[in-house]
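Structural characterization, general
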Amino acid sequence: MSEHSRKSLLTATALAAGLTLAAVTPALAGGTTSHTPRATAAPATAQGDPRGVTQHVADFYGAYIDAVWAADDPTAAASAKALRGFYLSAGARKAVAAYERREHADGILFAQNVPVKWKVTYTGSGAGHATNRVTLTWGDGPHAAVSRIDVRSDLKTLKITGLEPAA
């Protein structure tokens, strides 16, 4: 390796380390659970595949949480409703509506507020359906509350066919 190549590689490595530190430092400083936007360390890349059932559930929860989080945006409610229409089967939409009437809470999140983090994990499949577990985190810090939802999806259509709080 030439001297010039070695210097370029060293410079690029130092620059990447500095940018990473600059991105992570605000997140390590702590935060609040308000709806105020704040800088957080984010992955350098994100990717997806519209054919994967777990990716489909993750896309739904990510977009849905973004929509309900933005309560002061006049288009947020319409966006959340449209997301339900696209991602949920008719039966799932009816079950969510019944839950909301009965419990006076959001039937997608099974709560009256909005989580600050979410994660989707594939847990199994059979008989033409897949199940994913959605983990919702309700705050920052080591003592943040966590809830889990089991989400059932049709493997052919990828539509969400059932949601229930995990046992």
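See the structure printed just above.
Below, the structure is looked at part by part. (Residues numbered from 1 in each chain as written. Predicted model: local features only at pLDDT ≥ 70, side-chain atom pairs only at ≥ 80, totals over all residues. Heavy atoms only, no water.)

Moving on, we get to the layout of surface pockets. To locate leftover empty space, one rolls a probe as large as a water molecule over the atoms. Here the second largest pocket defines a volume of roughly 180 Å³. Only α2 (53-69) and α3 (76-87) provide two or more residues apiece to the lining of the second largest pocket. Grouping the constituent residues of the lining of the second largest pocket by class yields 10 nonpolar, 2 polar and 3 charged. (1 Å grid on protein atoms, 1.4 Å probe; cavity = no way out; pocket = protein on both sides within 12 Å on 5 of 7 lines; lining within 4 Å. Points joined across faces, edges and corners; volume = space filled by probe spheres on them. Helix = DSSP H or I, 4+ residues; strand = E, 2+ residues; numbered from the N terminus. Nonpolar A, V, L, I, M, F, W, Y, C, P; charged D, E, K, R; others polar.)

The N-to-C vectors of α2 and α3 enclose an angle of 160 degrees; their axes lie 8 Å apart at closest approach. When the interaxial angle is binned, α2 and α3 end up roughly antiparallel. Between α2 and α3 lies a crossing whose hand is left-handed. Two secondary-structure elements touch here, α2 through His-56, Asp-59, Phe-60, Ala-63, Tyr-64, Ala-67 and Val-68 and α3 through Ala-76, Ser-79, Ala-80, Leu-83, Arg-84, Phe-86 and Tyr-87. Grouping the constituent residues of the contact of α2 with α3 by class yields 10 nonpolar, 2 polar and 2 charged. (Axes fitted to C-alpha atoms, helices over the stretch in contact; angles between N-to-C directions. Parallel < 35°, antiparallel > 145°, perpendicular 65-115°, else oblique. Left-handed = near helix turned anticlockwise from the far one by under 90°. Contact = heavy atoms within 4.5 Å.)

Take the sheet that holds strand β2 (residues 129-138) next. Across the sheet, which stays open at both edges, the 4 strands sit in the order β1-β2-β3-β4 with antiparallel pairing between neighbours. One side of each edge strand has no neighbouring strand; the edge strands of this open sheet are β1 (117-126) and β4 (160-165). Strand-to-strand twist across the sheet, computed as the mean angle between neighbouring axes with direction ignored, equals 20 degrees. Of the pairings in the sheet, the one linking β1 to β2 comprises 9 bridges and is antiparallel in character. (Pairing = 2+ DSSP bridges.)

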